[in-house]
Amino acid sequence: ALVLASLLQGGVVTDKDWKAAEKAAKGWQGDDFDDSAWKAAEPGDGPADYGDHYSVRNMFGFPSKAEWISFGRGTTCFLRRTIDAPKGLRRAEMVLVADDRVELFINGEIVTSWDTGKAVWGHRGGAGLVDLVPYLRDGRNVVAVQLTNNGGPWGFACEIRVDGEPLVLPVRGGGGAAKEVIAEV
């Protein structure tokens, strides 16, 4: 019920409440996988170590409580979070960003992938926006992410909102947006 309240009041964000592992067994993306032995995700600065233009708030284009998360020291980690969706939801969105690449699953079904090499990386509002309505069902849902790093600092950040204020990213024109950093609010 706590996660449901969070979804309705402003979203679920990446933080230490996500579960994480460096290796995952077959079926790790599914809603019936036992992740009780997994550890807490490790919040950190992620790629923001290279400058504020890589901060979560700048990449999203709006202030958020989301943190960069990852796990371990390898090149791949696996992240999971269980959320409860209300019956009859009308809108469910996720804004996401990763350094370097993620594959996103809901209840074991691949939803999308995101790659810094194909994004407006480091620019205000350079995150991706995903419609989750086709993938969520009433009640318990599992959000699962495979994060891959090509070198340097890494991380995944997202905010999920269900039937709340819509997520609106800043307008980006032709990838030529300035590396403008939005101010703290």
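Preceding this paragraph is the structure being described.
Residues numbered from 1 in each chain as written. Predicted model: local features only at pLDDT ≥ 70, side-chain atom pairs only at ≥ 80, totals over all residues. Heavy atoms only, no water.

**Concerning the overall build of the chain**
Broken down by element type, the chain carries two helices and twelve strands. Listing the helices and strands of the chain from first to last along the sequence gives α-β-β-β-β-α-β-β-β-β-β-β-β-β. Look at the contacts in the chain between residues 6 or more apart in sequence, and 82% of them connect residues 24 or more apart. Entry remark: accessible area of the chain is about 8800 Å², with carbon and sulfur atoms responsible for 49%. (Helix = DSSP H or I, 4+ residues; strand = E, 2+ residues; numbered from the N terminus. Contact = heavy atoms within 4.5 Å. Areas by Shrake-Rupley, 256 points an atom, 1.4 Å probe, with all protein chains shown as cover.)

**What to know about the sheet that holds strand 9 (residues 109-115)**
The six strands are arranged 3-2-6-11-8-9 in an open sheet whose pairing can be described as antiparallel. Every other strand in the sheet has two partners, leaving strand 3 (39-40) and strand 9 as the edge strands with one partner each. As defined by bridge partners, strand 6 (residues 76-85) adjoins strand 11 (residues 139-148) across ten bridges and the pair is classed as antiparallel. Its bridge partner lying in strand 11, Phe78 is registered against Gln146. (Pairing = 2+ DSSP bridges.)

**Topic: the environment of Ser55**
Note on placement: Ser55 falls in the loop between strand 4 (42-44) and helix 2 (56-60). Since its relative accessible area comes to 6%, Ser55 is described here as buried. The contacts of Ser55, once residues within four sequence positions are left out, are Ala48 and Trp68. (Buried < 20%, exposed > 50% of the residue type's maximum accessible area, 1.4 Å probe, protein only.)

**Section: the packing of aromatic side chains**
Scanning all chains against the criterion turns up eight aromatic pairs. With centroids separated by 5.9 Å and ring planes inclined at 70°, the aromatic side chains of Trp18 and Phe156 adopt a geometry described as edge-to-face. Separated by 138 residues along the polypeptide, Trp18 in the loop between strand 1 (12-13) and strand 2 (19-21) and Phe156 in strand 12 (residues 155-162) bring together distant segments of the chain. By the burial criterion, Trp18 is buried, and Phe156 matches it. With a centroid separation of 4.9 Å and an interplanar angle of 70°, the aromatic rings of Trp28 and Phe78 are classed as edge-to-face. Pair noted here: Trp28 is in the loop between strand 2 and strand 3 and Phe78 is in strand 6, with a separation of 50 residues, a long-range link. Accessibility assignment for this pair places Trp28 and Phe78 in one class, buried. (Phe/Tyr/Trp six-rings, centres within 6.5 Å; stacked < 30°, edge-to-face > 60°.)

**Remarks on the pattern of salt bridges**
A side chain of one charge can pair with a side chain of the opposite charge when the charged atoms of the two come close. One pass over the structure, following the stated rule, counts nine salt bridges. For Asp52, the salt bridge identified is with Arg57, shortest N-O distance 2.5 Å. You can call Asp52 partly exposed: its relative accessible area is 35%. Across the pair Glu159 and Arg161 runs a salt bridge whose closest N-O atoms are separated by 2.6 Å. Arg161 carries the same exposure label as Glu159, and that label is buried. When salt bridges with common partners are traced through the structure, they connect Lys19, Asp35 and Arg80 into a single cluster. (Salt bridge = Lys/Arg side-chain N within 4 Å of Asp/Glu carboxyl O.)

**Things to note about the pairing of strand 8 (residues 101-106)**
Inspection of the sheet shows strand 8 paired to strand 9 by six bridges, in the antiparallel sense. Note on strand 9: the bridge partner recorded for Leu104 is Thr112.

**Some remarks on the side chain of Glu159**
Within the secondary structure, Glu159 is located in strand 12. Of note is the side chain of Glu159, whose polar atom sits 2.6 Å from the side chain of Arg161. (Polar contact = N/O pair within 3.5 Å; in protein donor to acceptor, adjacent residues only side chain to side chain.)

No statement about biological role is implied by the geometric values presented.
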